[in-house]
Amino acid sequence: MADNLVCSEADLAIALNKTNRCIEFLQENISAYAEVLKQVSASGIIDNKIDIELTILSEKLKVQKLALIYMQSKIGKSVKKEIQNIEKVDKFVYPNISLSDVVSVLTSFL
(Lines give C-alpha, C1' and ligand atoms only; values in the text may rest on other atoms or scores of the structure.)
Protein backbone atom coordinates (compact mmCIF):
# COMPACT_ATOMS: atom_id res chain seq x y z
CA MET A 1 0.00 0.00 0.00
CA ALA A 2 1.22 3.51 -0.69
CA ASP A 3 3.10 5.14 2.17
CA ASN A 4 1.02 8.30 1.90
CA LEU A 5 -2.30 6.45 2.13
CA VAL A 6 -3.81 6.36 5.58
CA CYS A 7 -6.45 3.76 6.38
CA SER A 8 -7.36 1.57 9.27
CA GLU A 9 -7.34 -2.18 9.35
CA ALA A 10 -11.09 -1.98 9.94
CA ASP A 11 -11.54 -0.11 6.66
CA LEU A 12 -9.59 -2.82 4.86
CA ALA A 13 -11.64 -5.56 6.51
CA ILE A 14 -14.88 -3.85 5.49
CA ALA A 15 -13.66 -3.39 1.92
CA LEU A 16 -12.58 -7.04 1.71
CA ASN A 17 -15.91 -8.21 3.06
CA LYS A 18 -17.84 -6.13 0.52
CA THR A 19 -15.57 -7.28 -2.31
CA ASN A 20 -16.07 -10.92 -1.33
CA ARG A 21 -19.84 -10.48 -1.29
CA CYS A 22 -19.77 -8.89 -4.76
CA ILE A 23 -17.60 -11.67 -6.16
CA GLU A 24 -19.84 -14.33 -4.61
CA PHE A 25 -22.87 -12.58 -6.13
CA LEU A 26 -21.23 -12.65 -9.56
CA GLN A 27 -20.30 -16.31 -9.16
CA GLU A 28 -23.87 -17.24 -8.20
CA ASN A 29 -25.25 -15.37 -11.21
CA ILE A 30 -22.73 -16.95 -13.57
CA SER A 31 -23.76 -20.38 -12.27
CA ALA A 32 -27.45 -19.55 -12.71
CA TYR A 33 -26.83 -18.31 -16.27
CA ALA A 34 -24.79 -21.44 -17.08
CA GLU A 35 -27.70 -23.55 -15.85
CA VAL A 36 -30.08 -21.67 -18.14
CA LEU A 37 -27.74 -22.29 -21.08
CA LYS A 38 -27.62 -25.98 -20.18
CA GLN A 39 -31.43 -26.18 -20.04
CA VAL A 40 -31.78 -24.36 -23.37
CA SER A 41 -29.26 -26.68 -24.99
CA ALA A 42 -31.02 -29.76 -23.56
CA SER A 43 -34.48 -28.58 -24.59
CA GLY A 44 -34.17 -29.81 -28.12
CA ILE A 45 -31.87 -27.41 -29.93
CA ILE A 46 -31.73 -29.01 -33.35
CA ASP A 47 -29.45 -26.49 -35.04
CA ASN A 48 -25.86 -27.65 -34.58
CA LYS A 49 -24.49 -24.09 -34.92
CA ILE A 50 -26.65 -22.85 -32.03
CA ASP A 51 -25.63 -25.80 -29.90
CA ILE A 52 -21.94 -25.10 -30.63
CA GLU A 53 -22.37 -21.41 -29.71
CA LEU A 54 -24.11 -22.34 -26.45
CA THR A 55 -21.24 -24.70 -25.62
CA ILE A 56 -18.66 -21.99 -26.38
CA LEU A 57 -20.54 -19.50 -24.21
CA SER A 58 -20.76 -22.04 -21.40
CA GLU A 59 -17.00 -22.61 -21.56
CA LYS A 60 -16.35 -18.86 -21.46
CA LEU A 61 -18.49 -18.64 -18.33
CA LYS A 62 -16.34 -21.30 -16.65
CA VAL A 63 -13.23 -19.25 -17.44
CA GLN A 64 -14.80 -16.11 -15.99
CA LYS A 65 -15.81 -17.94 -12.84
CA LEU A 66 -12.26 -19.24 -12.40
CA ALA A 67 -10.93 -15.71 -12.92
CA LEU A 68 -13.21 -14.46 -10.15
CA ILE A 69 -11.99 -17.20 -7.79
CA TYR A 70 -8.38 -16.28 -8.56
CA MET A 71 -9.07 -12.56 -8.11
CA GLN A 72 -10.87 -13.15 -4.81
CA SER A 73 -7.92 -15.17 -3.50
CA LYS A 74 -5.37 -12.58 -4.64
CA ILE A 75 -7.33 -9.67 -3.14
CA GLY A 76 -7.83 -11.57 0.12
CA LYS A 77 -4.12 -12.34 0.47
CA SER A 78 -3.16 -8.75 -0.33
CA VAL A 79 -5.59 -7.25 2.18
CA LYS A 80 -4.59 -9.72 4.91
CA LYS A 81 -0.94 -8.81 4.32
CA GLU A 82 -1.75 -5.10 4.62
CA ILE A 83 -3.74 -5.73 7.81
CA GLN A 84 -0.75 -7.60 9.26
CA ASN A 85 1.52 -4.70 8.30
CA ILE A 86 -0.83 -2.26 10.02
CA GLU A 87 -1.01 -4.43 13.13
CA LYS A 88 2.80 -4.57 13.32
CA VAL A 89 3.05 -0.80 13.65
CA ASP A 90 -0.24 -0.28 15.48
CA LYS A 91 0.21 1.59 18.73
CA PHE A 92 -2.86 -0.01 20.30
CA VAL A 93 -2.74 -3.39 22.02
CA TYR A 94 -5.72 -5.72 21.80
CA PRO A 95 -5.91 -9.08 23.56
CA ASN A 96 -5.40 -11.94 21.07
CA ILE A 97 -7.83 -10.54 18.48
CA SER A 98 -7.41 -7.88 15.89
CA LEU A 99 -9.85 -5.08 15.31
CA SER A 100 -10.13 -6.17 11.69
CA ASP A 101 -11.38 -9.60 12.80
CA VAL A 102 -14.09 -8.00 14.91
CA VAL A 103 -15.11 -5.55 12.18
CA SER A 104 -15.06 -8.28 9.53
CA VAL A 105 -17.47 -10.40 11.57
CA LEU A 106 -19.70 -7.41 12.27
CA THR A 107 -19.82 -6.33 8.62
CA SER A 108 -20.87 -9.79 7.53
CA PHE A 109 -24.23 -9.02 9.14
CA LEU A 110 -24.74 -5.85 7.09
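Everything discussed here concerns the structure shown above.
These notes cover the structure that comes with them.

Reading the values: rules and limits
Residues numbered from 1 in each chain as written. Predicted model: local features only at pLDDT ≥ 70, side-chain atom pairs only at ≥ 80, totals over all residues. Heavy atoms only, no water. Helix = DSSP H or I, 4+ residues; strand = E, 2+ residues; numbered from the N terminus. Buried < 20%, exposed > 50% of the residue type's maximum accessible area, 1.4 Å probe, protein only. Contact = heavy atoms within 4.5 Å. Areas by Shrake-Rupley, 256 points an atom, 1.4 Å probe, with all protein chains shown as cover. Axes fitted to C-alpha atoms, helices over the stretch in contact; angles between N-to-C directions. Parallel < 35°, antiparallel > 145°, perpendicular 65-115°, else oblique. Nonpolar A, V, L, I, M, F, W, Y, C, P; charged D, E, K, R; others polar. Expected span 1.5 Å × (residues − 1). Polar contact = N/O pair within 3.5 Å; in protein donor to acceptor, adjacent residues only side chain to side chain.

It is worth spelling out the overall build of the protein at this point. Tallying secondary structure elements over the protein gives three helices and zero strands in all. If you list the helices and strands of the protein from N to C, you get α-α-α. In the protein, which comprises 110 residues, the proportion classed as buried is 22%. For the protein, the share of sequence-separated contacts (at least 6 apart) that also reach a separation of at least 24 residues comes to 79%. In the form shown here, the protein has an accessible surface area of approximately 8,400 Å², with 63% of it arising from carbon and sulfur atoms.

This paragraph deals with the packing of helix α1 (residues 9-42) against helix α2 (residues 48-89). The interhelical angle for the contact between α1 and α2, taken along N-to-C directions, is 170 degrees, at an axis separation of 10 Å. Classed by the angle they form, the pair α1 and α2 counts as roughly antiparallel. A breakdown of the residues in the contact of α1 with α2 according to their chemical character gives 19 nonpolar, nine polar and six charged.

The end-to-end C-alpha distance of α2, which contains 42 residues, comes to 62 Å, matching closely the 62 Å that a straight helix rising 1.5 Å per residue would cover. Three or more residues of α2 are buried, namely Leu54, Ser58, Leu61, Leu68, Gln72, Gly76, Val79, Glu82, Ile83 and Ile86. Where α2 begins, the side chain of aspartate 47 points an oxygen toward the backbone nitrogen of lysine 49, at a separation of 2.8 Å.

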